[in-house]
Amino acid sequence: MATPLILDCDPGHDDALAILLAVADPAVELLAVTTVAGNQTVDKCTVNARRVLSLAGASDIPVARGADRPLVRRLRIADDVHGSTGLDGPHFTDEPSVPESPYSAHELLVDVLRSKPATIVATGALTNVARLLVEEPGLAANITEIVWMGGSTERGNIAPLAEANAYVDPEAADVVVRSGVPFTMCGLNVTHQALVTDDVLARLERIGTPLARVCSEWMTFFASTYRELFGFEAPPLHDPVAVARVVDPAIVRCVEANLVIETAGEWTAGATVVDLDGYTGRPANARIAVDLDRDAFWDKVIAAIAELSVC
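Computed from a predicted model, the values in this text were never measured in an experiment.

1. A short note on helix 9 (residues 198-207)
Side chains that are three or four residues apart share a direction in an α-helix, a result of its 3.6 residues per turn.
Working step 1: Those residues of helix 9 not exposed but buried are Val 200, Leu 201 and Leu 204. All buried residues of helix 9 project into a common sector of 100° when viewed along the axis, lining one side. Looking at helix 9, the residues exposed on the side facing more than 90 degrees away from the buried face are Asp 198, Glu 205 and Arg 206.
Working step 2: Looking at the packing, one finds that the buried side of helix 9 touches helix 10 (210-230) and helix 12 (294-309).
Working step 3: At the C-terminal side of helix 9, Gly 208 shows a positive phi close to 75°.

Here's what the structure looks like:
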């Protein structure tokens, strides 16, 4: 039985491949895509989500625009990583064929979750999810799990101790972690194991379809910014790791631990404080991803792109 899934995202190069994996893999049933400001403005992220679904031929999946700013902070976008469109690389001139839903992300989340329980995979700031939990607390019981690409057990990537999705809206992350809904964090410590190395690019090139070529161009641009900003020889494909955890939990090994979100620190706002060793004595409240089966992960991602290329 496929797992019903809602993808809340801010496309974003890595979000784009997360969408493709969620569309193609038979282990999940993608019910909806909602967008949030983060990698770029919510306007651009919404166009990008529509673009990816159009390329995938997934015209039946609704796309709804969500929060255009964090709960209380000023928005910081990642145009230094993802470019002026949020999905730089290949140049598109046509309008995406998949339309934007007339409903807001909040309305779509409420509608879908009232119809059936689902897992939410969030690959951006948790603003939409936090608002849902605050304004519709009764729907928490219909969220099977929240799987988030965000945070880190170690260093950050936008501040010394903060990963970007946590840093953009730490107050939202705090609301979600405290909600009591089962929560899994796939942070930088595990997504940095999902490197887009030359062998991965070669596998994309061997598929040889227009979609695969677009993915290769996305990854080439993404690699260039990661090399310039962080000195990475190959960029980490963060967001599909969270989808892969739902597709096959064995791909992403997790441990139970206590997680709190730093919201008040002058220098540490957005830090995800993970007590892996039980120092605090606080009970575990989250699953924390710690290890990735890289071969199995890339097999899933490449298979998804190949599958969509023949649809």
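Picking up after the structure, the text goes on.
2. Describing the packing of helix 1 (residues 13-24) against helix 10
Helix-helix packing is characterised by the crossing angle of the two axes and by the distance between the axes.
Working step 1: Where helix 1 contacts helix 10, the two axes come as close as 9 Å, and the packing angle between them is 150°. Considering the angle they form, helix 1 stands roughly antiparallel to helix 10. The chirality of how helix 1 crosses helix 10 is left-handed. Between helix 1 and helix 10, the contacting residues are His 13, Asp 14, Ala 16, Leu 17 and Leu 20 on the first element and Leu 211, Cys 215, Trp 218, Met 219, Phe 221 and Phe 222 on the second.
Working step 2: Each residue belonging to the contact of helix 1 with helix 10 can be placed in one class, and the counts come to 9 nonpolar, 1 polar and 1 charged.

3. What to know about the UniProt feature "domain: Inosine/uridine-preferring nucleoside hydrolase" (unreviewed entry) in the protein chain
Working step 1: Per the UniProt record, "domain: Inosine/uridine-preferring nucleoside hydrolase" (unreviewed entry) is annotated on residues 5-299.
Working step 2: In the segment residues 5-299, helix accounts for 39% and strand for 18%; the C-alpha atoms at its two ends are 21 Å apart.

4. Here's the deal with the environment of Gly 270
Working step 1: One can find Gly 270 in the loop between strand 7 (252-261) and strand 8 (272-275).
Working step 2: Under the relative-accessibility criterion, Gly 270 is labelled buried at 0%.
Working step 3: Setting aside residues up to four positions removed in sequence, Gly 270 forms contacts with Leu 161, Ala 162, Ala 166, Tyr 167, Pro 170 and Glu 262.

5. Considering the packing of helix 1 against helix 11 (residues 240-247)
Working step 1: Where helix 1 contacts helix 11, the axes come no closer than 8 Å and their chain directions differ by 20°. Relative to helix 11, the element helix 1 is oriented roughly parallel. In this structure, helix 1 uses Asp 14, Leu 17, Ala 18, Leu 21 and Ala 22 to contact helix 11, whose residues at the interface are Pro 240, Val 243 and Ala 244.
Working step 2: Its residues assigned to classes, the contact of helix 1 with helix 11 shows 7 nonpolar, no polar and 1 charged.

6. Here we look at the state of the cysteines
Working step 1: Enumeration according to the criterion identifies 0 disulfides in this entry.
Working step 2: Looking at the unpaired Cys 45, the closest cysteine sulfur is the one in Cys 9, lying at 7.8 Å.
Working step 3: Under the relative-accessibility criterion, Cys 45 is labelled buried at 0%.

7. Notes on the packing of aromatic side chains
Working step 1: Counting across every chain of the model gives 6 aromatic pairs.
Working step 2: With 6.0 Å between their ring centres and 45° between their planes, Trp 148 and Phe 183 make a pair best called tilted. Within this pair, whereas Trp 148 is found in strand 5 (residues 143-149), its partner Phe 183 is found in strand 6 (residues 183-186), the two being separated by 35 residues in sequence. Each member of the pair, Trp 148 together with Phe 183, is buried.

8. Digging into the pattern of salt bridges
Working step 1: According to the stated counting rule, one finds 15 salt bridges in the structure shown.
Working step 2: Ionic pairing is found between Arg 73 and Glu 171, a salt bridge with its closest N-O pair at 2.8 Å. One end of the pair, Arg 73, is in the loop between strand 3 (63-65) and helix 3 (79-82); the other, Glu 171, is in helix 7 (residues 170-178), with 98 residues separating them in the sequence.
Working step 3: One network of salt bridges, in which partners are shared, links Asp 43, Arg 65 and Glu 100.

9. Focus: the side chain of Ser 216
Working step 1: Take Ser 216: it is sitting in helix 10.
Working step 2: A relative accessible area of 13% means that Ser 216 is categorised as buried.
Working step 3: Every residue in contact with Ser 216, bar those within four places of it in the chain, is listed here: Leu 201, Leu 204 and Glu 205.

Parameters and conventions
- Residues numbered from 1 in each chain as written.
- Predicted model: local features only at pLDDT ≥ 70, side-chain atom pairs only at ≥ 80, totals over all residues.
- Heavy atoms only, no water.
- Buried < 20%, exposed > 50% of the residue type's maximum accessible area, 1.4 Å probe, protein only.
- Helix = DSSP H or I, 4+ residues; strand = E, 2+ residues; numbered from the N terminus.
- Arc of directions from axis to C-beta.
- Contact = heavy atoms within 4.5 Å.
- Axes fitted to C-alpha atoms, helices over the stretch in contact; angles between N-to-C directions.
- Parallel < 35°, antiparallel > 145°, perpendicular 65-115°, else oblique.
- Left-handed = near helix turned anticlockwise from the far one by under 90°.
- Nonpolar A, V, L, I, M, F, W, Y, C, P; charged D, E, K, R; others polar.
- UniProt positions renumbered as here; feature names shortened; annotations may be inferred.
- Disulfide = S-S within 2.5 Å.
- Phe/Tyr/Trp six-rings, centres within 6.5 Å; stacked < 30°, edge-to-face > 60°.
- Salt bridge = Lys/Arg side-chain N within 4 Å of Asp/Glu carboxyl O.

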